[in-house]
Amino acid sequence: MRYALISDVHGNLEALEAVIEALQKERVDEYLSTGDIIGYGADPSKCIERVRGLTEKVVCGNHEWAVRDLKYTDYFNPYAKAAVYWTRQMINTEELNYANSLNHLLKEKDFTLVHGTLHRPEEFRYMRDEREALMSFRLQDTPLCFLGHTHSPGIYWEREGRISYSQDKIVKLAEGTKYIINCGSIGQPRDGNPKASYCIYDDEAKKIEFKRIAYDIKKAQDKIRGAGLPDIIADRLAEGR
Ligand code: ZN
């Protein structure tokens, strides 16, 4: 099986469509999503529709959590908060119910999906270092765990109690090793590379591939500005910050 990982789309339809188009040439058998379909971008409803059309295997991101419980935006910066309130206005009841229906964790035989960390997933912590990775690895009972949230793609692995990290584009998976794969962000990359980030897991070739694709950033920016969302959300797309 070949799985495509879709994370942190954040209402950016231009980026999502570029990724889907690229994935259609990749012989993907199944799509998986680690959350934050909405928030920041100007097309929350269309992004929900596209992702739902691809897969039922989606976990809840902090932006889905925030639209269902607006009090949670107390933890957000002012422009993220403004985007949550705007998104809440734009989505319909059925889409809100969909956000409400998403679980924090989804587990299959080989992998677990979560948005932030396995350690207290409902707190949406950020996995930024080996220490936070270790707390997740202790709770991880599948060989792989896919997540997003930091918007920076990369892979942690644990072998014989030691944790390592890499940003290699292709990683061969070894027996007896656990992996945490951060897929990066499709619609709001923050690793200095403005191209949409996603990854592919091939369970026969035992391989993870991290991919980037260019998309029409200008169009996504114009829609964000046209919607009256904070300028910074549009500006940062060009820098991938
Ligand atoms: Zn996010």
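As a starting point, this report considers the structure included with it.

## A look at the packing of helix 2 (residues 44-54) against helix 5 (residues 93-101)
Phase 1: Running from amino to carboxyl end, helix 2 crosses helix 5 at an angle of 55°, the nearest separation of the two axes being 11 Å. Regarding the angle of helix 2 to helix 5, the classification is oblique. Relative to helix 5, the crossing made by helix 2 is left-handed. Touching S45, I48 and R52 of helix 2 are E94, E95 and Y98, all from helix 5.
Phase 2: Among the residues making up the contact of helix 2 with helix 5, the classes are represented as 2 nonpolar, 1 polar and 3 charged.

## Quick look at the sheet that holds strand 1 (residues 2-6)
Phase 1: The strand order 2-1-10-11-8 describes an open sheet built from 5 strands, whose pairing is mixed. Every interior strand has two partners, whereas the edge strands, strand 2 (30-33) and strand 8 (170-172), have only one. Across the sheet, the mean angle separating the axes of adjacent strands is 20° when strand polarity is ignored.
Phase 2: Relative to strand 11 (residues 207-213), strand 10 (residues 196-202) runs antiparallel, the two being bridged by 7 bridges. Looking at the pairing, S197 lines up with R212 of strand 11.
Phase 3: Relative to the sheet, helix 1 (residues 13-23) contacts strand 1, strand 2, strand 10 and strand 11, its axis offset from that of strand 10 by approximately 30°.

Criteria and thresholds
- Residues numbered from 1 in each chain as written.
- Predicted model: local features only at pLDDT ≥ 70, side-chain atom pairs only at ≥ 80, totals over all residues.
- Heavy atoms only, no water.
- Axes fitted to C-alpha atoms, helices over the stretch in contact; angles between N-to-C directions.
- Helix = DSSP H or I, 4+ residues; strand = E, 2+ residues; numbered from the N terminus.
- Parallel < 35°, antiparallel > 145°, perpendicular 65-115°, else oblique.
- Left-handed = near helix turned anticlockwise from the far one by under 90°.
- Contact = heavy atoms within 4.5 Å.
- Nonpolar A, V, L, I, M, F, W, Y, C, P; charged D, E, K, R; others polar.
- Pairing = 2+ DSSP bridges.

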